[in-house]
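Next come the chains, spelled out residue by residue.
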Amino acid sequence: MFVVIRHGADERLLVNPLCANINFMIYVKEKLGLDSTVILDLCDESGMLKGVAEQPAMEYVMSLLSPRATYIPILLSKSSSTSYLDYTPLLDDMETVYPGLLNKLKKSQIKSGDGKRPNSPKTHGIGHHGATLTPGGRTGPRMSVAIDRAMDSRKSPSFLLKTLGKKTQR
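Residues numbered from 1 in each chain as written. Predicted model: local features only at pLDDT ≥ 70, side-chain atom pairs only at ≥ 80, totals over all residues. Heavy atoms only, no water.

Caption draft 1: Fine view of the side chain of Asp-41. As for its position among the elements, Asp-41 is in strand S3 (residues 39-44). Polar contacts involving the side chain of Asp-41 include one to the main-chain amide nitrogen of Val-52, which spans 2.9 Å. (Helix = DSSP H or I, 4+ residues; strand = E, 2+ residues; numbered from the N terminus. Polar contact = N/O pair within 3.5 Å; in protein donor to acceptor, adjacent residues only side chain to side chain.)

Printed below as a string of structure tokens:
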């Protein structure tokens, strides 16, 4: 699984999000030529911040991002004049490529009312290594054990899903 990060003068960076958040962010910041201390988040093409900056360092980024999707890197900084965050997209000509996207970001910030990114809803679906997510957004205990065993034995996630499917049919 890969995602595309559009930045600069419509440059595209292909990144594999099947890694810990800290590794993902270090790699992206390095490729974009950013200082390691800046706060960077990703925004999808509909204007929704993905919350990568808020995710724990050892959590997999894959749980937040959709496969083959395109994201725009956004620098987050606290404005000295207000209590709101300032969003700085790292894509040149953002308004011509994605008209109104920056306004959607600002509107979502105003709706939250506290200057923080509004909580994105946890979605049900595929999460860490193809595991089904529970309503709380975490993999279930049975699935987590199976994932660990599969990763320890170096078996692919597709093998894991086939094996789990056979076990649940019994």
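Structure's up, so let's keep going.
Caption draft 2: Quick peek at the pattern of salt bridges. One pass over the full model with this rule turns up three salt bridges. The partner of Asp-10 in a salt bridge is Arg-6, with the nearest N and O atoms 2.4 Å apart. For Arg-6, a relative accessible area of 9% gives the class buried. We note a salt bridge from Lys-50 to Asp-44, for which the minimum N-O separation is 3.8 Å. By the burial criterion, Lys-50 is buried, and Asp-44 matches it. What you see here is one network of salt bridges that share partners, running through Arg-6, Asp-10 and Arg-12. (Salt bridge = Lys/Arg side-chain N within 4 Å of Asp/Glu carboxyl O. Buried < 20%, exposed > 50% of the residue type's maximum accessible area, 1.4 Å probe, protein only.)

Caption draft 3: Unusual backbone geometry, seen in detail. Non-glycine residue Asp-10 carries a positive phi angle of around 60 degrees. You can see Asp-10 is positioned in the loop between strand S1 (3-7) and strand S2 (11-15). The phi dihedral of Arg-68 falls on the positive side, at around 65 degrees, and the residue is not glycine. Along the chain, the position of Arg-68 falls in the loop between S3 and strand S4 (70-78). Here Arg-68 falls in the exposed class, since its relative accessible area comes to 78%.

Caption draft 4: Molecular detail of the nonpolar core. Membership of the largest hydrophobic core comes to 18 residues, with the highest contact counts inside it found for Ile-5, Val-15, Phe-24, Val-28, Leu-40, Leu-42 and Leu-65. Within the residue set of this core, elements represented by two or more residues are S1, S2, helix H1 (21-32), S3 and S4. Beyond its immediate sequence surroundings of up to four residues, Leu-40 is in contact with Met-25, Val-28, Lys-29, Leu-32, Leu-34, Ala-53, Pro-73, Ile-74, Leu-75 and Leu-90. (Core = buried A, V, L, I, M, F, W, Y, C linked by side-chain atoms within 4.5 Å. Contact = heavy atoms within 4.5 Å.)

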